[in-house]
Amino acid sequence: MGWTSCVAHIEPISDEWMNVARERLDNLTKPIRSLGVLEDLAARMVAIREEAMPAVSKKAVFVFAGDHGVATDGVSPYPQEVTGLMVKTFLAGRAGINVLARAAGANVNIIDIGMKSDIGDEGALIRRNIGRGTRNLAEGPAMTREETEAALNVGVEMAERAYEEGVTLLATGEMGIGNTTPSTALYCALLPADVKAMTGRGTGLDDRGLRHKMDVIQKGLDRNAALCIDPFSTLSALGGYEIAGICGLCLGGAARRIPVVVDGFISGAGALAAMRMNSLVKDYLIFSHRSAEQGHERFFKTEGIRPLLDLDLRLGEGTGAALAMQLIDDAVRIYREMATFEEAGITPGS
């Protein structure tokens, strides 16, 4: 299934299944709605999966790694070589995402979708490299349309792989030095929003670096304005391979009725592109946390989204999504394992 087929096959989640879930939740041995967002999560899982008793039986995080031509403009204090070095750390099981995914009981999958470095024959690495980094978005489109389509389809392929392996909960992750710059540009174009309101410090820019980053993003928006005529074209002009991969994962997960836990600011840009391609995707996305990047709050307010956590996270990799997976698992366990009033021999209100 390609990304265009996914867009066409996404269906709204069922009110009937939401009502099934609410009826059970309201009859569990607790005051009605007393578990707040946990109840909302459980109800969404029932409606997405269309199962009266869903289980989070298998979890998977997909970390897409790609580099960006705009990094040569000094928008990050780290060199591009760090992308490859961090991917090696992921593969060794020693990065933040590995630690938190193990705690959540989730498998971590690392995809080279567009890294500048060829890190050699790493057995666990999923090799889908489309190009050795994108072009500089400040000088023209970051990707060709063919490259963007290929990256979207890599994301869909990963969702299909998960579906075939019986995964019931997906999560997004990414690695790419400089990738808050294309992400910010995408938010500015797709929300839309002002560059100053959306641009954050990324991996630690000082005030001068932040001003330069805003100038580079504005230059990219101006240079590519005529190309940004629809979500796909905007993603192609301003995005990155890993961002497009995340977009494809969101589309593929929704088409297969698998909930997708969206990580932070960069993953959110890929999710936003998917939502603009088909607004129904939003029903299948669970946004894990509010990033420390200032533009993330603007995104949530504009789209009417309440993220699960607010912990000042800004690492990326899928770390926030891994934490959220544990909450989702807890919500489903409450739904499945907590006694009803009837089972406990209690008459409500007596």
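Placed above this text is the structure.
Keep in mind the model is a prediction, meaning the values are calculated, not measured.

**Overview of the overall build of the protein**
- Regarding its fold elements, the protein presents 15 helices and six strands.
- For 350 residues, the compact-globule formula gives about 20 Å, and the C-alpha radius of gyration of the protein, at 20 Å, lands near that figure.
- Per-residue burial over the protein gives 56% buried out of 350 residues.
- Nonlocal contacts in the protein, meaning residues at least 24 apart in sequence, comprise 76% of its contacts between residues at least 6 apart.
- Of the roughly 13,900 Å² of accessible surface on the protein, 48% is carried by carbon and sulfur atoms.
- Seen as two clouds, the 36 positive and the 45 negative side-chain charges of the protein have centres 3 Å apart.

**Concerning unusual backbone geometry**
- Residues Leu-191 and Pro-192 are joined by a peptide bond in cis, for which omega reads -10°.
- On the secondary structure map, Pro-192 appears in the loop between helix H7 (180-190) and helix H8 (195-198).
- Of note, the phi angle at Arg-33 is positive, near 60°, even though the residue is not glycine.
- Topologically, Arg-33 is positioned in the loop between helix H2 (15-26) and helix H3 (36-49).
- At Arg-257, a position not held by glycine, the phi torsion is positive, near 60°.
- Taking relative accessible area as the criterion, Arg-257 reaches 15% and is therefore assigned buried.

**So, the packing of H3 against helix H14 (residues 319-337)**
- One way to put it is that H3 packs onto H14 with a least axis distance of 8 Å and a crossing angle of 80°. It follows that H3 is roughly perpendicular to H14 by the angle criterion. Contact residues: Leu-38, Leu-41, Ala-42, Met-45 and Val-46 in H3; Leu-327, Ile-328, Ala-331, Val-332 and Tyr-335 in H14.
- Its residues assigned to classes, the contact of H3 with H14 shows ten nonpolar, no polar and no charged.

**Some words on the sheet that holds strand S3 (residues 126-127)**
- If you walk across this open sheet you meet the six strands as S3-S2-S1-S4-S5-S6, and the pairing is parallel. The open sheet terminates on both sides in strands that have one partner only, identified here as S3 and strand S6 (285-287).
- Bridging between strand S2 (residues 106-114) and S3 involves two bridges; their strand directions are parallel. By the bridge assignment, Ile-111 is partnered in S3 with Ile-126.
- Of the strands in this sheet, strand S1 (59-66) and S2 are in contact with helix H5 (residues 96-104), which crosses S2 at around 145°.
- Against the sheet, H14 engages S1, S2, strand S4 (169-175), strand S5 (260-262) and S6, with an angle of about 170° to S4.

Thresholds applied
- Residues numbered from 1 in each chain as written.
- Predicted model: local features only at pLDDT ≥ 70, side-chain atom pairs only at ≥ 80, totals over all residues.
- Heavy atoms only, no water.
- Helix = DSSP H or I, 4+ residues; strand = E, 2+ residues; numbered from the N terminus.
- Rg over C-alpha atoms; globule rule 2.2 N^0.38 Å.
- Buried < 20%, exposed > 50% of the residue type's maximum accessible area, 1.4 Å probe, protein only.
- Contact = heavy atoms within 4.5 Å.
- Areas by Shrake-Rupley, 256 points an atom, 1.4 Å probe, with all protein chains shown as cover.
- Lys, Arg positive; Asp, Glu negative; His and termini not counted.
- Charge placed at Lys NZ, Arg CZ, Asp CG, Glu CD.
- Axes fitted to C-alpha atoms, helices over the stretch in contact; angles between N-to-C directions.
- Parallel < 35°, antiparallel > 145°, perpendicular 65-115°, else oblique.
- Nonpolar A, V, L, I, M, F, W, Y, C, P; charged D, E, K, R; others polar.
- Pairing = 2+ DSSP bridges.

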